[in-house]
Amino acid sequence: MSEMKNIETKFKSKPKMKKINLLSVVTLVAILMAACSSDDDNFNPNPEPGPIGEEITKTGKISENETWTAENIYVLDGKVVVSEGATLTIEPGTIIKGAEGQESLASALVVDQGAKLMAEGTPSKPIIFTSVLDGIEPGQTTGTLPTTDVGLWGGLIVLGKAPISVNGDVQTAQIEGIPATEDYGQYGGSDAADNSGSLKYISIRHGGITIGADNEINGLTLGGVGSGTTIDHIEVVANQDDGIEWFGGSVNVTNALVWSQGDDGFDADQAWSGTLSNGVVIMGGESGTALELDGPEGSAATEAGFTMENITLIGAGTSSKYADLRDGLIANLNNVFAYGFGADATVSINGADTATELANDRLTFSDWEIVLPEGVTMDQVFDGDYNQGDEVKFLSNAQAVGSQGTVGANMDVFSWTFAANKGAITTAPLGATITKSGSLTSDETWTSENIYILDGKVVVSEGTTLTIEPGTIIKGAEGQESLASALVVDQGAKLMAEGTAEAPIIFTSVLDGIEPGQTKGTLSSSDVGLWGGVIILGKAPISVNGDVQTAQIEGIPATESYGQYGGSDPTDNSGTIKYISIRHGGITIGADN
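Rules of the game
- Residues numbered from 1 in each chain as written.
- Predicted model: local features only at pLDDT ≥ 70, side-chain atom pairs only at ≥ 80, totals over all residues.
- Heavy atoms only, no water.
- Helix = DSSP H or I, 4+ residues; strand = E, 2+ residues; numbered from the N terminus.
- Contact = heavy atoms within 4.5 Å.
- Areas by Shrake-Rupley, 256 points an atom, 1.4 Å probe, with all protein chains shown as cover.
- Polar contact = N/O pair within 3.5 Å; in protein donor to acceptor, adjacent residues only side chain to side chain.
- Phe/Tyr/Trp six-rings, centres within 6.5 Å; stacked < 30°, edge-to-face > 60°.
- Buried < 20%, exposed > 50% of the residue type's maximum accessible area, 1.4 Å probe, protein only.
- Lys NZ or Arg CZ within 6 Å of the ring centre and 35° of its normal.
- Salt bridge = Lys/Arg side-chain N within 4 Å of Asp/Glu carboxyl O.
- Core = buried A, V, L, I, M, F, W, Y, C linked by side-chain atoms within 4.5 Å.
- pLDDT = per-residue confidence, 0-100.
- Arc of directions from axis to C-beta.
- Pairing = 2+ DSSP bridges.
- Lys, Arg positive; Asp, Glu negative; His and termini not counted.

Caption draft 1: Main features of the overall build of the chain. Counting its secondary structure elements, the chain contains 4 helices and 44 strands. For the chain, restricting intrachain contacts to residue pairs at least 6 apart in sequence, the fraction spanning at least 24 positions comes to 70%. Accessible area of the chain: about 24300 Å², with a carbon and sulfur share of 45%.

Here's what the structure looks like:
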């Protein structure tokens, strides 16, 4: 489609969320109300909400700023292009599904040069790209398709203005997978610090649809993406082609995992000059090469090298290569741990130009550890077109180990992934219980994979901002009178606690067995006074005896250094609170208090 129509959106209206600006002192008290019932013991304070989301189909170009929200499912009908000057924001937990369609009709999300994608998921609320054939629903993270279901839609393509190295040393080129007749799809330029947005905690599944003979779309394609772009915690699962492929650019990527790809795990071309730090490739039975790494295509004027460090490669017992190093590769490959590969697997030096870079120490290895198949020696692993004597450049930096390595990726950071959920890797459990007490004097964020315990009064001090992610659970500890637990936002501090309809922020008691990802607790509405509450103190005018401007809030002794409220600023801003549920509080702190 050489002329793309403006974005079409098909959806039903939904209620708008109200925003609360805290302009004065507010003491939040949870009041549970129920209709009359003949059996109060059966009252459920947390009923299941009715459906609030819709399925929204997107097609064509996005030319204005737009936000996709987690209560809906978004269907990509063909190529959906975020155009130059536009920003697409995707909320944590949002699910995007690619429609079926071969070749020119293949579905994909394309972030064009000069556009931005702000897609920041969280460990418990990753943003998920998958196929329309996947039965996954809002609020879920595990889909219904196996890893054998590949090539069901396209993928995610991000295009920037950072330098590339292509034949003829031209600054820009057309990305593979998008016909040159389209008015989008160019990548490359002269801005190494170009910013295409922020991608965090994103899982891309079941893509790589065929768009031509031996031509499929990668899970994540990065064409000329600049170092101003943030890419962190990315997972690609069951993609028919490569997992992640860089075409030049200078973007850095951290914490990336590819599982069961049809071709290569990590693929770098055209003089990408960034760093991949903490990466994992989990090979499937049909996978090609774990690392397929190419050098610059242009002249010496466009040469650049990259670094891959802290990498774990997990084989499937096949003849797939550990690494295929080609076309004059310039790179540093450090701290690599590999196991599970077949006896024919190699680290291959491919071509005379790559042998030259190895000889000139522009292709380097350090701290490789490999669990070798039975009967295989390390000198059999290093293969290819290298000059005699240069094998030592690999062999002196690689060693055979037993079942455990001392290098490679930190696997625990991938606890949030689909791969971890399905047992493809072993990680530490996601989330922890974190106890808070005393004053918060520097900005911090509480995240939804953890449970936070308030041990006594936890005070957000003047000048400090506490941010609480959607879906986070905070529990107040037991304790009477001066030991009562509460969250206090003092004058001059801010609380940024913005839940969502499907992921509210929940304050409750430590006696409540609610866990991360849940909204229903284990206590009944008769369980009251188990902890304190939430107290927010501002600087707006009050009216008290003596017409003084400020006073000490009830529940906090006057001897404390915090607890004052009131003032002369009616527009005072204590932050934002949205979709918050406060349960089982109101503990006794004194007689009739």
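Caption draft 2: Focus on the side chain of Glu235. Along the chain, the position of Glu235 falls in strand β19 (residues 230–237). A polar atom in the side chain of Glu235 sits 2.6 Å from the side chain of Ser203. Contact partners of Glu235, with chain neighbours within four places excluded, come to Ile202, Ser203, Ile204, Arg205, Leu257, Trp416, Thr417, Phe418 and Ala419.

Caption draft 3: Layout of the packing of aromatic side chains. Inspection of every chain in the model, using the stated rule, returns 18 aromatic pairs. Here the aromatic rings of Phe129 and Trp153 are separated by 6.3 Å at their centres, their planes lie at 10°, and the arrangement is stacked. With Phe129 in strand β11 (residues 127–131) and Trp153 in the loop between β11 and β12 (156–159), this pair connects stretches of sequence that are 24 residues apart. Accessibility expressed as a relative area gives 0% for Phe129, which makes it buried. The buried category is assigned to Trp153, whose relative accessible area is 0%. Measuring from ring centre to ring centre gives 5.0 Å for Phe365 and Phe394, while their planes differ by 85°; the resulting arrangement is edge-to-face. Of the two residues, Phe365 is situated in strand β29 (residues 363–370) and Phe394 in helix α3 (residues 392–395); the sequence distance between them amounts to 29 residues. On the basis of relative accessible area, Phe394 is assigned to the buried category, the value being 0%. Each residue in the set Phe365, Trp368, Phe382, Tyr386 and Phe394 is aromatic and connected to the rest through ring pairs, giving one cluster. Positioned above the aromatic ring of Phe418, the side-chain terminus of Arg205 is 4.3 Å from the ring centre.

Caption draft 4: Structural context of unusual backbone geometry. The phi torsion at Asp327 lies on the positive side, around 55°, for a residue other than glycine. Of note in this structure, Asp367 is not a glycine but carries a positive phi near 55°.

Caption draft 5: How the structure looks around the pattern of salt bridges. Under the criterion given, the structure shown has 11 salt bridges. Residue Glu303 pairs with Arg362 through a salt bridge whose shortest N-O separation is 3.0 Å. Taken together, the residues span a long stretch of sequence, with Glu303 in the loop between β24 (291–294) and β25 (306–314) and Arg362 in the loop between α1 (352–359) and β29 at a distance of 59 residues. Each of the salt bridges in this network shares a partner with another, and the network as a whole consists of Glu292, Asp294 and Arg326.

Caption draft 6: View of the nonpolar core. Ranked by size, the top nonpolar core spans 74 residues in total, and within it Trp246 and Met308 carry the most contacts. Met308 has contacts with Trp246, Phe266, Trp272, Leu276, Leu291, Leu293, Asn332, Leu333 and Asn334, leaving out every residue within four places of it along the chain. Counting residues in hydrophobic clusters, the runner-up holds 21 residues, among them Ile474, Leu487, Val489 and Val534.

Caption draft 7: Examining the confidence of the model for the chain more closely. Counting all residues, the mean pLDDT for the chain is 89, and 89% of those residues have values of 70 or more. Segment residues 1–51: pLDDT under 50, and 90 contacts once partners within four positions in sequence are set aside and those in other chains are kept.

Caption draft 8: Quick peek at α1. Among the residues of α1, Thr354, Ala355, Glu357 and Leu358 are the ones counted as buried. Taken around the axis of α1, the buried residues stretch over an arc of 160°, which confines them to a single face. Taken together, the buried residues of α1 touch β26 (323–326), β28 (347–350), β29, β30 (382–384) and α3. Where α1 terminates, the next one or two residues include Asp361, which has phi positive at roughly 60°.

Caption draft 9: Representation of the pairing of β28. Note: β26 against β28, 4 bridges, orientation parallel. Residue pairing in the sheet places Asp324 in a bridge with Ser348 of β28. Pairing analysis gives 3 bridges linking β28 to β30, with the strands arranged parallel. Bridge pairing links Val347 to Phe382 in β30.

Caption draft 10: Region of interest: the environment of Ala304. If you trace the backbone, Ala304 turns up in the loop between β24 and β25. With relative accessibility at 24%, the residue Ala304 sits in the partly exposed group. On a C-alpha basis, the gap between Ala304 and Ala271 in space is 5.0 Å, while along the polypeptide they are 33 residues apart. Aside from chain neighbours lying at most four places away, what touches Ala304 is Ala271, Trp272, Ser273 and Ile330.

Caption draft 11: Representation of the side chain of Glu245 within the structure. Looking at where Glu245 falls in the secondary structure, it is placed in strand β20 (residues 244–247). For the buried residue Glu245, which engages in no salt bridge, the nearest side chain bearing the opposite charge is Arg326, 7.4 Å off. Apart from residues no more than four positions distant in its own chain, Glu245 is found in contact with Glu176, Asn218, Leu220, Thr221, Leu222, Asp267 and Asp269.

Caption draft 12: Main features of the pairing of β12. Where burial is concerned, the two faces of β12 agree: the one with Leu156 and Val158 and the one with Ile157 and Leu159 are both buried. For strand β9 (residues 108–111) and β12, the ladder comprises 3 bridges, and the chain directions are parallel. Paired with Val110 across the strands is Ile157, a residue of β12. Bridge count between β12 and strand β18 (residues 220–223): 4 bridges; the pairing is parallel. The residue of β18 that forms the bridge with Leu159 is Gly223.

Caption draft 13: Up close: the environment of Asp490. As for its position among the elements, Asp490 is in the loop between β37 (486–489) and β38 (494–498). Since its relative accessible area comes to 12%, Asp490 is described here as buried. Counting along the chain gives 45 residues from Asp490 to Ile535, while the straight-line C-alpha distance between them is 8.2 Å. Each residue touching Asp490, except ones within four places of it in the same chain, is listed here: Val459, Val460, Ser461, Leu537, Tyr562, Gly563 and Gln564. A polar atom in the side chain of Asp490 sits 3.3 Å from the backbone nitrogen of Gly563.

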